[in-house]
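# Commentary on secondary and tertiary structure
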Amino acid sequence: GDSVTQMEGPVTLSEEAFLTINCTYTATGYPSLFWYVQYPGEGLQLLLKATKADDKGSNKGFEATYRKETTSFHLEKGSVQVSDSAVYFCALGGGSEKLVFGKGTKLTVNP
Amino acid sequence: DSGVTQTPKHLITATGQRVTLRCSPRSGDLSVYWYQQSLDQGLQFLIQYYNGEERAKGNILERFSAQQFPDLHSELNLSSLELGDSALYFCASSVGSGVNSPLHFGNGTRLTVT
């Protein structure tokens, strides 16, 4: 079945560092790909999405490019802030009605 | 604020008991999803309703059931509770039923079974 694998955390960075969180997927067909973010004590929020190969999703300085050839959707940000500390989830929307989520990567950004 | 309301925020109960979790979706959203989040399993899809009808089923145990009412709010019933059912239960809503409709999550109900 469809699945998502993302890098295990936790990830700890200093403010203004470059961030990459790796995400790869297994799916039949042509899924849509998403990154959701969960801030402490809150529910998940959609961060960005891409619906077809080579699409780049971007929001709040975060970017991810849908790479069909490597079945990847890595999340990047050029300069992280303390306020980016959260848990990041990669997700896949395939042929069924539901999203399949990765296990989440906890990011801590220190001042 | 996502507009999705979940009650209660916290629930502590004993093994063997039954509880009901409630979710009010964002205004205008017809789909409601239930997810279970635990440390070891991550975020697991349980069930989805669209406009009152069950649309998709995931890893939902037979001891669990859900429904969506005519006013579109939803309830998740968990019975014969076990220690392993302790988790954060999220409700999410979306306008449509397909995966390209962004999900809006509530803040969750933390269930502790003792």
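Higher on the page you've got the structure.
Read on for a plain summary of the structure. Here, residues in each chain are numbered from 1, in the same order as that chain's written sequence. Chain letters start at A and ligand numbers start at 1, both assigned in the order the entries are written. In view of the model being predicted, local features appear only for residues whose pLDDT reaches at least 70, and side-chain atom pairs are presented and counted only at 80 or more, with totals across whole chains, interfaces and linings using the full set of residues. Side-chain calculation: all heavy atoms of the structure are included, whereas hydrogens and water are not.

## What about the overall build of chain A?
Put simply, the rule is: Working definition: helices are DSSP H or I runs of at least four residues, strands are E runs of at least two. Numbering for both runs from the N terminus. It is over C-alpha atoms that the radius of gyration is taken, and the globule rule equals 2.2 Å times the number of residues to the power 0.38. Each residue's exposure class comes from its accessible area (1.4 Å probe, protein chains only) as a fraction of the maximum for that residue type: buried when under 20%, exposed when over 50%, partly exposed otherwise. The method behind every accessible area is Shrake-Rupley, applied with a 1.4 Å probe, and residues are considered shielded solely by the protein chains displayed.
Each helix and strand in chain A was counted, giving 0 helices and 12 strands. The N-to-C order of helical and strand elements in chain A reads β-β-β-β-β-β-β-β-β-β-β-β. For 111 residues, the compact-globule estimate of 2.2 N^0.38 gives 13 Å, and chain A sits close to it at 13 Å. Projected onto its principal axes, the C-alpha coordinates of chain A cover approximately 45 × 25 × 20 Å. Looking at chain A as a whole, 43% of its 111 residues qualify as buried. Of the roughly 5,300 Å² of accessible surface on chain A, 48% is carried by carbon and sulfur atoms.

## Details of the pairing of strand 7 (residues 56-59) of chain A
Residue and element names in this part refer to chain A. Put simply, the test is: Being paired, for any two strands, means DSSP has found at least two bridges between them.
As paired elements, strand 7 and strand 8 (residues 62-65) share 4 bridges and run antiparallel to each other. Across the sheet, the residue bridging to Asn59 is Phe62, located in strand 8. Between strand 7 and strand 8, which pair antiparallel in sequence order, lie 2 residues; one of them, Lys60, sits at a positive phi of approximately 55°.

## Some remarks on the interface of chain A and chain B
Operational definition: In what follows, residue pairs with any heavy atoms lying within 4.5 Å of each other are defined as contacts. By salt bridge we mean one thing: a side-chain nitrogen of Lys or Arg within 4 Å of a carboxyl oxygen of Asp or Glu. Here a polar contact is recorded for every N or O atom pair within 3.5 Å, except that within protein the pair must consist of a potential hydrogen donor and a potential acceptor, and residues adjacent in sequence are included only if both atoms are side-chain atoms.
At the interface, 20 residues of chain A touch 20 residues of chain B. The tally of links from chain A across to chain B stands at 0 salt bridges. Linking chain A to chain B there are 4 residue pairs in polar contact (both at pLDDT 80 or more). Those elements that place two or more of their residues in the side of chain A that touches chain B are strand 5 (32-38), strand 6 (44-50), strand 10 (86-93) and strand 11 (99-101) of chain A. Considering each element in turn, the side of chain A that touches chain B owes the most residues, 4 residues, to strand 5 of chain A.

## Some points on the pairing of strand 12 (residues 105-110) of chain A
All names here are of chain A. Side chains Thr105, Leu107 and Val109 project from strand 12 onto a buried face, and the interleaved Lys106, Thr108 and Asn110 project onto a face without burial. For strand 2 (residues 11-14) and strand 12, the ladder comprises 4 bridges, and the chain directions are parallel. The partner of Leu13 across the bridge, within strand 12, is Val109. Here strand 10 runs beside strand 12; their pairing, made up of 3 bridges, is antiparallel. When the bridges of strand 12 are listed, Val87 appears paired with Lys106.

## Concerning the pattern of salt bridges
For the structure on display, the rule yields 7 salt bridges over all chains. Between Lys52 of chain A and Asp55 of chain A there is a salt bridge, and its shortest N-O distance comes to 3.3 Å. Its salt-bridge partner being Arg63 of chain B, residue Glu82 of chain B comes within 3.7 Å of it at the nearest N-O pair. Residue Glu82 of chain B is located in the loop between strand 8 (74-78) and strand 9 (87-94), and its partner Arg63 of chain B is located in the loop between strand 6 (53-57) and strand 7 (64-68); the two are separated by 19 residues in the primary sequence. Here Glu82 of chain B falls in the partly exposed class, since its relative accessible area comes to 43%. A cluster of three or more residues bridged by salt bridges with shared partners is formed by Arg63, Glu82 and Asp85 of chain B.

## Some thoughts on the sheet that holds strand 1 (residues 5-7) of chain B
Consider a sheet: its strands pair through backbone hydrogen bonds, and that pairing is either parallel or antiparallel. Residue and element names in this part refer to chain B. Operational definition: Axis lines are fitted through C-alpha atoms, for helices just across the contact stretch, and the angle between N-to-C directions can take any value from 0 to 180 degrees.
Ordered by their spatial adjacency, 4 strands build an open sheet running 1-3-8-7, and the pairing between neighbours is antiparallel. The sheet is open, and its two borders are formed by strand 1 and strand 7, each paired with just one other strand. Between one strand axis and the next, the sheet turns through 15° on average, direction left out of account. Of the strand pairs in this sheet, strand 7 and strand 8 are connected by 5 bridges, and their pairing is antiparallel. Residue pairing for strand 8: Ala66 is matched across the bridge by Leu76.

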